[in-house]
Amino acid sequence: MDLAVGRAVSSESNLEFSFDFVAVGGTFDMGDPFGDGHPADGEGPRHRVDLTEFDIATTSVTNDDFARFVADTGFVTTAERLGTSAVFAMLLETNPGARAHVLGQAPGVPWWVEVSGANWAAPEGPGSTIDDRRDHPVVHVSWDDARAYCEWSGTRLPSEAEWEFASRGGLKGRRYPWGNRLLIDGEWNCNIWQGEFPRTNTLDDGFVGTGPARHFAPNGLGLFNTVGNVWEWCADWFARDYYQHSPQSDPQGPDTGDKRIMRGGSFLCHDSYCNRYRVAARSSNTPDSSASNIGFRVVREAL
């Protein structure tokens, strides 16, 4: 497998970002080489992809970044318009008052509750705040919200192929951005669930919810937290069989669909439930969906 990587940092912009952009591009083998994936996710077959150089943000978009966007535009997110969003139930323990605003549990996944008033600025609902997590990834943003931020900032969402290439950090055929072993010298390298999901989280990585966007060591291209912490929206529509016929050069995903691609897993991922904190792992959601573990990262055309 050939892998050609370009790397350069640029901070040229008329806007203030909490992140740098890294120029990347080249050729890699996309997909799961280990058979770890969920069959319904369509992580195979593994296939060669050539990518034109592009600039990708070193972190996901933070609460500070999104706050500047909202202050400048008055943008109202999907969750704010609908009046509710999905919150991981354990997070309500930090804001007991929000329990009065729980509207119900998600069918089949009782650890998710619908909370009236939960949104990007009040992540656990009324009474919660982002004041102590300005450097955390923004959450409760739908795909539609993420795209609106991109239009304002002169950026775009990455294609699924661009996201995977950058997340791999220059390594060939590895499970994670740092290699094949989840732990290195007994230390965690990403924010996921430790313990027995969903009852007990030992917090070995230090977090029950999101962590700072620049926590843990960056990958070989300088990107932080591409796995774990929060799911990141990609531009593509999702199709389980897309890899079977995707073009080799700059694939953009199917022309239509019902759900958009999400990548990277989140603080809720655990191998007993959601083994998607791998660079090849795929998931998807409807474009108007929002939750306390969904954020995004941006890219732009190479300068």
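You'll find the protein chain entered in an unreviewed UniProt entry as Sulfatase modifying factor 1, with Brevibacterium epidermidis given as the organism.

Moving on, we get to the packing of aromatic side chains. Taken as a whole and assessed by the stated rule, the structure comprises 23 aromatic pairs. When the centroid spacing of 5.3 Å and the interplanar angle of 70 degrees are considered together, the rings of Phe-66 and Trp-120 count as edge-to-face. Residue Phe-66 is found in helix α1 (residues 63-73), and its partner Trp-120 is found in the loop between β6 (109-116) and α3 (143-153); the two are separated by 54 residues along the sequence. Geometrically, the ring pair formed by Tyr-149 and Phe-296 is edge-to-face, given 5.4 Å between the ring centres and 70 degrees between the ring planes. With Tyr-149 in helix α3 and Phe-296 in strand β12 (residues 294-296), this pair connects stretches of sequence that are 147 residues apart. For Tyr-149, a relative accessible area of 1% translates into the label buried. A connected cluster of aromatic rings, assembled from ring pairs, spans Phe-66, Phe-69, Phe-75, Trp-120, Tyr-149, Trp-152 and Phe-296. Between the NZ or CZ atom of Arg-175 and the centre of the ring of Phe-34, over which it lies, the distance is 4.1 Å. Just above the ring of Trp-237 sits the side chain of Arg-260; from NZ or CZ to the centre is 3.6 Å.

We now examine the sheet that holds strand β5 (residues 102-106). Strand order in the open sheet formed by three strands is β4-β6-β5, and the pairing between neighbours is antiparallel. The open sheet has two edge strands with one neighbour each: β4 (84-88) and β5. Each strand axis lies, on average, 35 degrees off the axis of its neighbour in the sheet, ignoring direction. Relative to β6, β4 runs antiparallel, the two being bridged by five bridges.

If you look at the biggest cluster of nonpolar residues, it comprises 51 residues, and the most contacted ones within it are Phe-19, Phe-66, Phe-88, Tyr-149, Trp-233, Phe-296 and Val-298. Listing elements by their share of this core, those giving two or more residues are α1, β4, β6, α3, β9 (231-237) and β12. It is α3 that provides the largest number of residues to this core, a total of five residues. Core analysis: the second largest hydrophobic core is formed by 17 residues, Phe-54, Ala-161, Leu-221 and Tyr-243 among them.

Bringing the sheet that holds strand β10 (residues 260-263) into the picture now. Strand order in the open sheet formed by four strands is β11-β10-β9-β12, with mixed pairing between adjacent strands. Each edge of the sheet is formed by a strand with only one pairing partner; in this case those strands are β11 (283-285) and β12. Averaged over all pairs of adjacent strands, the angle between their axes in this sheet comes to 50 degrees, without regard to strand direction. When β9 meets β12, the two strands line up parallel, connected through three bridges. Pairing of Glu-232 across the sheet is with Gly-295, part of β12.

Quick notes on the rules
- By convention here, each chain's residues receive numbers from 1 onward along its written sequence.
- pLDDT decides what is reported in this predicted model: residues at 70 or higher carry local features, side-chain atom pairs at 80 or more are listed and counted, and totals for whole chains, interfaces and linings draw on all residues regardless.
- As a rule here, side-chain values cover all heavy atoms of the structure and leave hydrogens and water aside.
- Here a Phe, Tyr or Trp ring, Trp counted by its six-membered ring, pairs with any other such ring whose centre lies within 6.5 Å, and the pair is stacked when the planes are under 30 degrees apart, edge-to-face when over 60, and tilted otherwise.
- Here a strand is any run of E in DSSP of at least two residues, a helix any run of H or I of at least four, and the numbering for each starts at the N terminus.
- Accessible area is worked out with a 1.4 Å probe on protein chains only. A residue is then buried under 20% of its type maximum, exposed over 50%, and partly exposed in between.
- Counted as over-ring charges are cases with an Arg CZ or a Lys NZ within 6 Å of the ring centre that also lie within 35 degrees of the ring normal.
- If DSSP finds at least two bridges between two strands, the strands pair.
- A fitted line through C-alpha atoms serves as each axis, taken over the contacting stretch for helices, and the angle formed by two N-to-C directions is quoted from 0 to 180°.
- Take the buried residues of types Ala, Val, Leu, Ile, Met, Phe, Trp, Tyr and Cys, join any two whose side-chain atoms come within 4.5 Å, and each joined set is a nonpolar core.

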